[in-house]
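Chain and residue survey
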Protein chains: 6
Amino acid sequence: MTDLTHFDSEGHSRMVNVGHKPVTERTATAEGFVTAHPETITRMAGGGTAKGNVLEVARLAGIMAAKKTADLIPLCHPLGLDSVEIEFSFTSPDELRIVATASLTAKTGVEMEALTAVSIAALTVYDMCKSIDKAMTIGPIRLLSKTGGKSGSWSAPS
Amino acid sequence: MTDLTHFDSEGHSRMVNVGHKPVTERTATAEGFVTAHPETITRMAGGGTAKGNVLEVARLAGIMAAKKTADLIPLCHPLGLDSVEIEFSFTSPDELRIVATASLTAKTGVEMEALTAVSIAALTVYDMCKSIDKAMTIGPIRLLSKTGGKSGSWSAPS
Amino acid sequence: MTDLTHFDSEGHSRMVNVGHKPVTERTATAEGFVTAHPETITRMAGGGTAKGNVLEVARLAGIMAAKKTADLIPLCHPLGLDSVEIEFSFTSPDELRIVATASLTAKTGVEMEALTAVSIAALTVYDMCKSIDKAMTIGPIRLLSKTGGKSGSWSAPS
Amino acid sequence: MTDLTHFDSEGHSRMVNVGHKPVTERTATAEGFVTAHPETITRMAGGGTAKGNVLEVARLAGIMAAKKTADLIPLCHPLGLDSVEIEFSFTSPDELRIVATASLTAKTGVEMEALTAVSIAALTVYDMCKSIDKAMTIGPIRLLSKTGGKSGSWSAPS
Amino acid sequence: MTDLTHFDSEGHSRMVNVGHKPVTERTATAEGFVTAHPETITRMAGGGTAKGNVLEVARLAGIMAAKKTADLIPLCHPLGLDSVEIEFSFTSPDELRIVATASLTAKTGVEMEALTAVSIAALTVYDMCKSIDKAMTIGPIRLLSKTGGKSGSWSAPS
Amino acid sequence: MTDLTHFDSEGHSRMVNVGHKPVTERTATAEGFVTAHPETITRMAGGGTAKGNVLEVARLAGIMAAKKTADLIPLCHPLGLDSVEIEFSFTSPDELRIVATASLTAKTGVEMEALTAVSIAALTVYDMCKSIDKAMTIGPIRLLSKTGGKSGSWSAPS
């Protein structure tokens, strides 16, 4: 079976040595969904004009979480970040879509940063709305695409 | 429309005042799933004997993340924690189930701690296995149940 | 000269022992100002309708920073928080006022949490607007009032 | 009205993309003041010989806070730092001046790091002395100068 | 063989449930040593008068680290702290002794907080002096005593 | 007496300016020991098959702590990391040896990262086993070797 890079030949966890990898431009885009009662979705969507902007709080939480990725994911390399952007859209009457894009010029990729941004943005939406709708669900969350690095570009199968 | 507790009457975000809420025992249980290629699932399941234990790394990441919840979710109250436990099971050849339970004796609930533990454990599984399977998806993540507090017990609709 | 409580009799810094202090309700309110070019102030004030809400970003930054106070101020006790609220008002054509109130039921006060919330909210306003106005100044920042604890209530001299 | 770089064309907050900016040497210097009762200032000034060195605690707090800037200011890029220095002087019988200089070789500037160092150093002075003087005020805090980057050198108007 | 409390009956790591443990006063004292070249020790000892106070920097680092214990030690409960004190003494011409005492009124003990304070203070001494003496060694570090909790008082064998 | 680089000519602490130092490949290796009752050591050594893997928890704690070094050691520069690895071996019936190696391509060395990884791994071993053996001792911890940088290679005297 294929070995996982985060373990050495004896199965011990490690932070993989990226010392000899070239510095390249890298981007990653991830998406996630929050499924909620249509009234909850309506409440989120009214952010710009109504009492309190759920999505702007979630956006900031996601951006700030991207900066904490290496603190959260045990074997992630600590990275700088060139950019993080998070967009929200309403894809059905009971569904919010979250898309995060992160970029960096470095030796390792930013997939985990984009996925972490989406996940914490979704959890923040849950936190902001749980007083009216505890049955919300989060997911699916997945990587949509990445560019840069030795393995080059990758896109999720559609 | 119902107002969200995290905003005041003018729509400004705030950390809700829980000063006069009673201190009670509280628990919360959340679940989440990681869908992956069956070979990836086999690799995860072999943790005890094969080269490296993906799930034990994810379990620790989830427990440690539960302790960071108030740092990640902007309007969460900073809380102690009495316990955090995370269990994994394989619910189909291509699916890992993650269940986290957190408990606390305090003025506010631990729903976000349980959901955060599940989310970061799932992201860590993704990170550990992404070198062999980038197409994994995370979710649905949801609250299964909570006890304690003014609103009492709640269970997810089945 | 009066000794400072954060040093022992030999002048060594310490986290003061509060083990025998009673747990009481405590609140603290702090204020701060940002002085800026009137056009910058106009830009901040237009947050609800124009392109991007500077004050809502600053509000969240201040609330989140209050939770990090013990991590920032070396000899502060780590505390929970019952509430944090931050309000903004425009007190002259070139001046933004920031008021933060924090509360807690504990052995020590929340003055530093309120002051930290104001300070980081002000720094965030600076960061958000510095591309158009680097000459903004922050201050004066001061404690307005506190309640609870052995020393009881205190209000800033007017 | 000029757009703020931290928002996109729809007014959504973002971490600005600096991926294509050149890496240059950058420095920033910020200043701030703490106004206190003359006896409190005398107590601070006696640090080298008397019981406990307020300013050395504040200096370390400021340096450590500079390293946390991206964790505190929501849309700041995570940065390394080449140096941070903080100097104190007594500019009148009731006034302490704090000057922080930070430098870095990177794609974005270190203004926020210098301002954060000054702010947290000032808050720490407040915390260390608040048992004898709660009426201290902090400010004005401002950027004195910066060098490097596309916009080049900037100095505060005198 | 005795089971370790941090693992469940299947060997999975967990944060032990302390929900039903009584809240009691607890203290812990730990010690550690740094062995260095006598000239390095002389340099440390001259802190009060010479150029820079190594021990005061180390003391603050140790106190601040005690507050981060639950962030560093994966299965530690997040705790408040009632006090932390660190004392230094020179026990031979080539040896610095560090003693840290932490206290708390809670459901779990503060042994790890005291040990973490000693360890990080020692590492900071190393960092401050490594430009003149890289061969310093740290240790032995051990728990000297604890009080409070179900297991009551314990003292290290002499 | 030689001046310490972490202080300026007036004895004020500072983060040393490394702006003009060249970026080079750097590695550091540190070691540490935990002395415990032979039954405790037997319990640690059984990790792969028995109930719970103490060393794998400690390994992750050490790796994650290496990433927090600049947050723990006041005057350390914030650094990325190219790799961190931690190995354990049993060097006598009552002794565990911990060796950590960190590497980086940067302006400053990674000695403190390697030493911090060893220290926190050792503290985690203590935490995991303290329910059966409070008398464990940690140390000696020391730097074994470093490469890169102006001062070049260094090895501990044997």
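Computed from a predicted model, the values in this text were never measured in an experiment.

Some thoughts on the relation of the copies chain B and chain E
Of the two same-sequence chains, chain B is brought onto chain E (RMSD 0.0 Å, axial shift 0.0 Å) by a rotation of 120 degrees. Overall, the copies show the geometry of a three-fold rotation axis. Minimal C-alpha separation from the rotation axis in chain B is found for B:Gly80, amounting to 4.7 Å.

Some thoughts on the interface of chain B and chain E
Each side of the interface is counted separately: chain B has 18 residues, and chain E has 20 residues. Buried area between chain B and chain E, both sides added, is near 1500 Å², and the carbon and sulfur share of it is 49%. Contact with chain E buries area across many residues of chain B, yet B:Met64, B:Lys67 and B:Asp82 alone supply 33% of it, more than any other trio. Linking chain B with chain E are 2 salt bridges, by the criterion used here. The salt bridge partner of B:Asp82 is E:Lys107, with a shortest N-O separation of 3.1 Å. Between chain B and chain E we count 12 residue pairs in polar contact (both at pLDDT 80 or more) in total. Secondary structure elements with two or more residues in the side of chain B that touches chain E: helix H2 (54-66), strand S2 (83-92) and strand S3 (95-106) of chain B.

What about helix H2 (residues 54-67) of chain C?
Each α-helix winds once per 3.6 residues, and so residues spaced three or four apart point in a common direction. With 14 residues, H2(C) ought to run about 20 Å at 1.5 Å a step, and its terminal C-alpha atoms sit 21 Å apart, in line with that. The element H2(C) is extensively covered by neighbouring structure, given that 14 of its 14 residues are classed as buried.

Section: the pairing of strand S5 (residues 141-147) of chain E
Of the pairings in the sheet, the one linking strand S1 (residues 24-35) of chain E to S5(E) comprises 5 bridges and is antiparallel in character. Opposite E:Thr29, over in S5(E), you have E:Ser145 as the bridge partner. With 2 bridges joining them, S5(E) and strand S4 (residues 137-138) of chain F adopt antiparallel strand pairing. Across the sheet, residue E:Ile141 finds its bridge partner in S4(F), namely F:Ile138. Strand direction decides the pairing type here: S5(E) and strand S6 (residues 154-155) of chain E, joined by 2 bridges, are antiparallel. Of the residues in S6(E), the one forming a bridge with E:Ser145 is E:Ser155. Linkage of S5(E) to S6(E), two consecutive antiparallel strands, is achieved through a turn of 6 residues, within which E:Gly148 is found at a positive phi near 90 degrees.

Details of the relation of the copies chain C and chain D
Mapping chain C onto chain D calls for a screw motion: a turn of 180 degrees about the axis and a shift of 0.0 Å along it, with 0.0 Å RMSD after fitting. Taken together, the rotation and translation describe the operation of a two-fold axis. When each C-alpha of chain C is compared by its distance to the rotation axis, C:Gly139 comes out closest, at 2.1 Å. Comparing contact sets, 98% of the residues at the interface of chain C also lie at the interface in chain D, consistent with an isologous, same-surface contact.

Rules used throughout
- Residues numbered from 1 in each chain as written.
- Chains lettered and ligands numbered in written order.
- Predicted model: local features only at pLDDT ≥ 70, side-chain atom pairs only at ≥ 80, totals over all residues.
- Heavy atoms only, no water.
- Least-squares fit on C-alpha atoms with pLDDT ≥ 70 in both.
- Contact = heavy atoms within 4.5 Å.
- Buried area = accessible area lost by both parts, 1.4 Å probe.
- Salt bridge = Lys/Arg side-chain N within 4 Å of Asp/Glu carboxyl O.
- Polar contact = N/O pair within 3.5 Å; in protein donor to acceptor, adjacent residues only side chain to side chain.
- Helix = DSSP H or I, 4+ residues; strand = E, 2+ residues; numbered from the N terminus.
- Expected span 1.5 Å × (residues − 1).
- Buried < 20%, exposed > 50% of the residue type's maximum accessible area, 1.4 Å probe, protein only.
- Pairing = 2+ DSSP bridges.

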